[in-house]
Amino acid sequence: MTLHEAALTVDQPRASLAAGSDVMRLGFMPLIDCAPLIVADELGLFTRHGVTVSLTPLNAWVALRDRIAIGKLDGGQMLCPMPIAAGLGLGGVASALAVVSVLASQGNAITLSEALIAELDLPQGATADPSNIAASLARAVRARAAAGRPKLVLAVVYAYSSHNYLLRHFLAAAGIDPEHDVILRAVPPPQIADELAEGRIDGFCAGQPWGSRAVDLRCGRIALATADIWPNHPEKLLAISSATLARDPDRVTAVVAATIEAGHFLADPANHAQVALWLHERALPQVPLAVVRAALSTTLRRAPDEAPALFASPNFDPALSCPSPTHGAWWLRQMRRWGHAPQGTDDIIGQIWRPDIWQRAARLAPPANRLSPSIPTQLPCPGDLA
Amino acid sequence: MTLRVLIVDANLERAEAVASGLTADGCLVVGTVPDHADIIALVRSSGADVIVCDLDHASRDAIDAMRALHQDEPRPVVMFVDRTDPGSTEAAMAAGVAAYVVEGLHPGRVRAVIDVAVARFTAHQALRAELAEVRSALNERKLVERAKGLLMQTRRMTEEDAYRALRRLAMDQGKRLADVAESVIAMEKLLKL
C-alpha cells in the first residue's frame, strides 16, 4: 500500500461495528517496532475498520502488564514471553491475555564492548559470523575462569523477554552456561548503551536503536542480530486482555485487521521516511530523527569506523503476523528450561495464542493489499524446538 | 523490627511527603530517588524490605527481573498510581499487585498500606511454593473438587451451590474454572493464617 492509496481510503469507513462502549485502549513502548500501531493510527486504519483506538506510551513493560491487569488498558504491544508469564502469575501479577497478532519479527541486536571484541580475537573478516563469535566467546569465558578473572557481564532489558531467552539459547548452544559461566543483568534500555560505555557491562541484547546508540558512543560493536539465532523470530505481539476479547471480539478483530494493513505499508521502504517522522513525533522524541530513520532500514553501521552493512531489522511483513502456538510453546519451553516457569503441559499456550482471531481479521483486510490469509509455514527455529 | 523502605519516584514532592509520613510511623526510609543508573545495586545495598514505586517508572522492569535473573530474594513492591480510580485498588489486589497507594492518600496512612502489602506478599510467597505442589499433585478436576469441598466446609454450602458459586466467579472474571478454584483454595489458606 502506498501512502497515496492509504490516504484515499482514510475517510471511507468500510465497517461499522455495533455501537459498543468504547475506545480500545492500547499501550506501547518507545521502540521502532511499535510502528504497526502508530502507522495504523496515523493512516486512519483503525477508524476505517470501525474502531476507535487510544494509544498510550509507557516506560516499562510491567507498567503495561499491570495497567492491563487492573483494567486501565485493554492491551498493547508485548514481548513474546510476557503473556505466558502473566498467565502463570510469575512476578506475582496474574492476568489472562490473548495473543491476537505478531506486530514485528526479529530486529534486536547483540552488542559487545570494544574490549570484549578485542578479547575474542576473531579471525580476520569473520566479525559477523555467528558460529565464530560463539566459539570465541566460549574460549574467552573459559580463559577468564582459568585465569581467575571476573565473569563476563551481559545485560538484557527484562527477564521475560525474547532478548533474555534468545541470548541464553545462543550462549547454551556455544557451550556457555548462562546461569553460571556469565552474569546476566537487567538494565532499562535507555541506560544500556551508557552502561556499556562506562564498562559496567561487557555486552547486551536489546531492541534498536540501542545497539546503534552504543556504536555512536564508540563503545561497542553490533556483533549479532537475534535473527542470526532464529531468523524472523516473533518479537512483538499484540496482546489483549481476555476479558476485553470476550466482551468485544469484533473490535479486537478490527484492531488486528488495521495492524495487518499497517504491516503492508511498513513493508514498503518508500514509506519509511514518513514512518520515521511519525515514530519520532509519537514514540521516540528523545532519539534524533536520523537515527530513527536508520533503524528502520536494513543496512546500518555495526562498528564506529565501518561502512553500513546488512542488518536484520524489524520485519513487519504481514505474512509473519499470524500468532503461532508452536512459537508460543517454544518460549514456554525456554522459560521452563531456565527454571522461570513450572513444569507442566503446554495447554496454557492454546488458551493464550489465538490464531483464530487473526484469521478472522485477515478476512476483513482488503484483498487489494495482497494479503495471504494463510498461516505462515513453519519457520526455521533453534534446534531444540524440532 | 523496623521496616526498611526504598522510594523510587520521579515526583519528588510526592516521594518526600510519603517519606516523612513513613518516618513518623516508625519506618526507616533508606532512600528516596527519582531514578538510578543501577537500580538493582541500589536495592541490594540499601537493604530495602519493600520498594515504593511509581506504577509507570522506567526502572520497574529491572526491579521485576531481580528474582528471575539474579535469584534475589523477591521484595514486595507498592505502587503509586497517577489518579484515584474507583475499582483500581480492588482490581490490583485481585491481580496480585501487592498494594496500591493512590494519590491524595494521607501520607500517614501509607504505613498501613505497606503493612498489608508485606503481609499479603509473604503469604503469597508461601502460597506460591505450596501451589506449585498442588498444581503438580492434582489435576484440574481435583482442584475444582477441593475448592468445592472447602466452600462446603467453610461456607456451609451444598455441593451444588459450591459448584455454582465457582462457575459464576469463573464467568464473571472470564477465567477458567480451575483457575478460580485455585484462587479459592489460596484465599481460604490466607484467611487461616
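Keep in mind that this is a model prediction, so the values were computed, not measured.

Conventions and cut-offs
Every residue gets a number counted from 1 within its own chain, in the order that chain's sequence is written. Each chain takes a letter, starting from A, and each ligand takes a number, starting from 1, following the order in which they are written. Given that the model is predicted, a residue must reach a pLDDT of at least 70 before its local features are reported, and side-chain atom pairs must reach 80 or more before they are shown or counted; all residues, however, enter totals for whole chains, interfaces and linings. Each helix is a run of DSSP H or I of at least 4 residues and each strand a run of E of at least 2, with the numbering of both proceeding from the N terminus. Any residue with 12 or fewer other C-beta atoms within 10 Å of its own C-beta is exposed, any with 20 or more is buried, and the rest are partly exposed; the C-beta atoms used are placed from the backbone. The contact rule is simple: place each C-beta atom from the backbone, and if two of them lie within 7 Å, those residues are in contact. Residues were grouped as follows: Ala, Val, Leu, Ile, Met, Phe, Trp, Tyr, Cys and Pro as nonpolar; Asp, Glu, Lys and Arg as charged; and all remaining residues, including Gly, as polar. Residue ranges for the domains trace back to a domain assignment, done automatically or taken from a database. DSSP calls a pair of strands paired once it identifies at least 2 bridges connecting them. Axis definition: a line fitted to C-alpha atoms, over the contacting stretch in the case of helices. Angles run 0 to 180 degrees between N-to-C directions. In these notes the angle categories are as follows: under 35 degrees is roughly parallel, over 145 is roughly antiparallel, 65 to 115 is roughly perpendicular, and the rest is oblique. Put simply, a crossing is left-handed when the front helix is turned counterclockwise from the back one by less than a right angle, and right-handed when it is turned clockwise. What a helix should span is 1.5 Å times the count of its residues minus one.

(A) Inspection of the overall build of chain B at higher detail. In terms of regular secondary structure, chain B is built from eight helices and five strands. Taken from the N to the C terminus, the helices and strands of chain B come in the order β-α-β-α-β-α-β-α-β-α-α-α-α. Put simply, chain B has 193 residues, and 33% of those count as buried. Sequence separation of 24 or more characterises 56% of the internal contacts of chain B that already satisfy a separation of 6 or more.

(B) Structural context of the interface of chain B and chain A. On the side of chain A, 33 residues touch chain B, which itself brings 26 residues to the contact. Secondary-structure elements contributing two or more residues to the side of chain B that touches chain A are helix 3 (60–70), helix 4 (88–95) and helix 5 (110–137) of chain B. Considering only residue class, the side of chain B that touches chain A consists of 14 nonpolar, six polar and six charged.

(C) Structural detail: the domain arrangement of chain A. Residue and element names in this part refer to chain A. Taken domain by domain, chain A consists of domain 1 (3–106 + 234–304 + 312–385) and domain 2 (108–228). The partner domain 2 presents 20 residues to the 28 residues of domain 1 that form the contact. Secondary-structure elements contributing two or more residues to the side of domain 1 that touches domain 2 are helix 5 (81–88), helix 14 (289–296) and helix 15 (325–337). Per-element accounting of the side of domain 1 that touches domain 2 gives the leading share, four residues, to helix 14. Classifying every residue of the side of domain 1 that touches domain 2 by side-chain character gives 21 nonpolar, three polar and four charged.

(D) Fine view of unusual backbone geometry. Residue and element names in this part refer to chain A. The linkage connecting Gln208 with the following residue, Pro209, adopts the cis geometry, with an omega of 10°. At Arg218, a position not held by glycine, the phi torsion is positive, near 60°. Relative to the helices and strands, Arg218 resides in the loop between helix 10 (210–216) and strand 9 (220–225). For Asn232, which is not glycine, the phi torsion reads 55° and is therefore positive. Secondary-structure assignment places Asn232 in the loop between strand 9 and strand 10 (234–241).

(E) Molecular detail of the pairing of strand 3 (residues 50–54) of chain B. Residue and element names in this part refer to chain B. Burial runs high along strand 3: five of the five residues are buried. The alternating pattern of strand 3 places Val50, Val52 and Asp54 and Ile51 and Cys53 on opposite faces, both of which are buried. In this structure, strand 1 (residues 4–8) lies alongside strand 3, joined through four bridges in parallel fashion. Among the inter-strand pairings, Leu6 is bridged to a residue of strand 3, identified as Ile51.

(F) Summary view of the packing of helix 13 (residues 272–282) of chain A against helix 14 of chain A. Residue and element names in this part refer to chain A. Running from N to C, helix 13 and helix 14 point in directions that differ by 130°, and their axes come no closer than 9 Å. Accordingly, the angle class assigned to the pair helix 13 and helix 14 is oblique. Where helix 13 crosses over helix 14, the two elements pack in a sense that is right-handed. Judged by residue contacts, His272, Ala273, Val275, Ala276, Leu277, Leu279 and His280 of helix 13 engage Leu289, Val292, Arg293 and Leu296 from helix 14. A breakdown of the residues in the contact of helix 13 with helix 14 according to their chemical character gives eight nonpolar, two polar and one charged.

(G) View of helix 15 of chain A. Residues and elements named next belong to chain A. Spanning 13 residues, helix 15 covers 18 Å between terminal C-alpha atoms, matching the ideal 18 Å at 1.5 Å per step. Looking at the buried side of helix 15, the elements it contacts are helix 5, strand 4 (97–105), helix 8 (162–173), strand 10 and helix 16 (347–352). Downstream of helix 15 by one or two residues, Gly339 has phi in the positive range, about 75°.

(H) Examining the sheet that holds strand 9 of chain A more closely. All names here are of chain A. An order of 7-6-8-5-9 is seen for the five strands of this open sheet, with the pairing classed as mixed. The sheet is open, and its two borders are formed by strand 7 (183–186) and strand 9, each paired with just one other strand. Strand-to-strand, the axes of this sheet are offset by a mean angle of 25°, without reference to chain direction. Where strand 5 (residues 108–113) meets strand 8 (residues 203–207), five bridges bridge the pair, whose relative direction is antiparallel. Within the sheet, the bridge partner assigned to Asn108 lies in strand 8 and is Gly207. Against the sheet, helix 9 (residues 189–197) makes contact with strand 5, strand 6 (153–156), strand 8 and strand 9, and its axis sits at roughly 155° relative to strand 8, the strand it touches most.

(I) Looking closely at the sheet that holds strand 10 of chain A. All names here are of chain A. Strand order in the open sheet formed by five strands is 2-1-3-10-4, with mixed pairing between adjacent strands. Here the strands that pair on one side only, and so sit at the sheet edges, are strand 2 (53–57) and strand 4. Strand-to-strand twist in this sheet, taken as the mean axis angle between neighbours without regard to direction, amounts to 30°. The sheet contact formed by strand 4 and strand 10 spans seven bridges and is antiparallel. Paired with Ala104 across the two strands is Lys236, which belongs to strand 10. Where helix 2 (residues 35–42) meets the sheet, it contacts strand 1 (24–28), strand 2, strand 3 (75–79) and strand 4, and its direction lies at approximately 140° from that of strand 2.

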